[in-house]
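Architecture and fold: a report
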Amino acid sequence: MTKARYLFTSESVSDGHPDKVCDRVSDTVVDLYLKADSCSRVACEAMATTNRIILAGEVRGPASVTPTLIEDAVRAAVKDIGYEQEGFHWKNARLDNILHEQSVDIAVGVDADSNKEEGAGDQGIMFGYACTETEVLMPAPIHFSHEILHRMAIARKNGLMNGLRPDSKSQVTLQYENGKPVHCTSIVVSTQHDPDLSQEDVSNLVLPFVKEVMPDKWINDETSYYINPTGRFVIGGPDGDCGITGRKIIVDTYGGAAPHGGGAFSGKDPTKVDRSAAYAARWIAKNVVAAGLAERCVLQASYAIGVSHPLSLFIDTYGTSNVDEKKLSKVIREIIDLSPRGIRERLALNNPIYSPTAAYGHFGRYPDNDGHFTWEKLDLVDELKRAF
């Protein structure tokens, strides 16, 4: 049963947040290997602290991806984020690369051969979700939290805004009535800044982005704004807080408005169903909602390492569906190949497309001609409509 009236909050963090720096570094390594060989296997973890980056994990790929090539790509990624600070600098930070070969025990369970199909790269449960709260069919609190920081970062990198630095966080609280957002009660933005800026200066830089992003109909005199509520945020990024890959999984998905599976996305090649099956689940849920079959849809799939098909498929439309959920589940199994190979081929996931996913959400983004965010396409809508 839907609560009649409640508040719900989601947060986002920028690409300069310490954990997101590590997500970007890990996905840079994934892209580097997939560009050299689309069948590469990568599970790359990163840690970043004061002027130091550590890479660890397992890889299997061509010898052309040398340690020097990896280091150059990682430094270029950190430079793109914007870190040229005394405590964390793309050029001066020490980089330790302890990546090593993938376990043969994992490889034998995953690889296809003449006697078996390719199996999932790990066991796990994955969720996908969509709803009608925004044009991109994402929950509104996480969508607008992302948008505020994303637009700030674009302006900073394009030289349209001076004084703010890469590390920032946002938080949006919306009031819901009968399951729909109707009012924004509070917005929080904390952003790293140059030492000579006052709190008022920072507010004057940030508030235009907030007002540009948030729908006018949800903002009124009762909306509260908290810009750098501690008053000062000069030391930031990995110099202020150690970062680790995969520590912002709720930011990466639905902001807590829907379930999340057990694994992170960044640093993993698409044979890992933590990533690829979560993308497929979002793709299906989004198309179900876009087809008008439900206002909300969550899909869960489960996999076992080395097994080439999902062990279970669960769909819940929270009572908003105008079709039978059992038939919907059956139709999805009939029209979509949810094997690891089927997902990768249908969504073209064996390509170097992952660096842009490392910040501002893996979902609610826009597919482009370069193959990014293919799981956001609405290419199942007609087929789903015909089935019902």
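Residues numbered from 1 in each chain as written. Predicted model: local features only at pLDDT ≥ 70, side-chain atom pairs only at ≥ 80, totals over all residues. Heavy atoms only, no water.

Remarks on the overall build of the chain
The number of helices and strands found in the chain is 10 helices and 13 strands. Compactness check: the chain gives a C-alpha radius of gyration of 21 Å against a globular reference of 21 Å for 388 residues, within 12% of the reference. A principal-axis box enclosing the C-alpha atoms of the chain has dimensions of 65 × 55 × 30 Å. Considering only contacts within the chain whose residues lie at least 6 apart along the sequence, 74% involve residues at least 24 apart. The positive charge centre, built from 41 side chains, and the negative charge centre, built from 53, are 2 Å apart in the chain. (Helix = DSSP H or I, 4+ residues; strand = E, 2+ residues; numbered from the N terminus. Rg over C-alpha atoms; globule rule 2.2 N^0.38 Å. Contact = heavy atoms within 4.5 Å. Lys, Arg positive; Asp, Glu negative; His and termini not counted. Charge placed at Lys NZ, Arg CZ, Asp CG, Glu CD.)

Some thoughts on helix 1 (residues 18–36)
The terminal C-alpha atoms of helix 1, which comprises 19 residues, lie 28 Å apart, in line with the 27 Å expected from a rise of 1.5 Å per residue. Where burial is concerned, most of helix 1 is hidden: 17 out of the 19 residues are buried. (Expected span 1.5 Å × (residues − 1). Buried < 20%, exposed > 50% of the residue type's maximum accessible area, 1.4 Å probe, protein only.)

Points about the sheet that holds strand 7 (residues 124–131)
Strand order in the open sheet formed by 3 strands is 7-12-13, with antiparallel pairing between adjacent strands. The two strands at the open ends of the sheet, each matched to only one other strand, are strand 7 and strand 13 (312–316). Looking at each pair of strands side by side, their axes are set apart by 15° on average, direction ignored. Bridging between strand 12 (residues 296–303) and strand 13 involves 5 bridges; their strand directions are antiparallel. Note on strand 13: the bridge partner recorded for Val298 is Asp316. (Pairing = 2+ DSSP bridges. Axes fitted to C-alpha atoms, helices over the stretch in contact; angles between N-to-C directions.)

Quick word on the UniProt feature "binding site: K(+)" (unreviewed entry) in the chain
If you check UniProt for "binding site: K(+)" (unreviewed entry), the listed places come out as Glu45 in our numbering. Mapped onto the elements of the fold, Glu45 is located in strand 2 (residues 41–49). Looking at Glu45, the relative accessible area reads 38%, which means it is partly exposed. Ignoring anything within four residues of it in the chain, the contact list for Glu45 reads Ser26, Ile54, Leu55, Ala56 and Thr245. (UniProt positions renumbered as here; feature names shortened; annotations may be inferred.)

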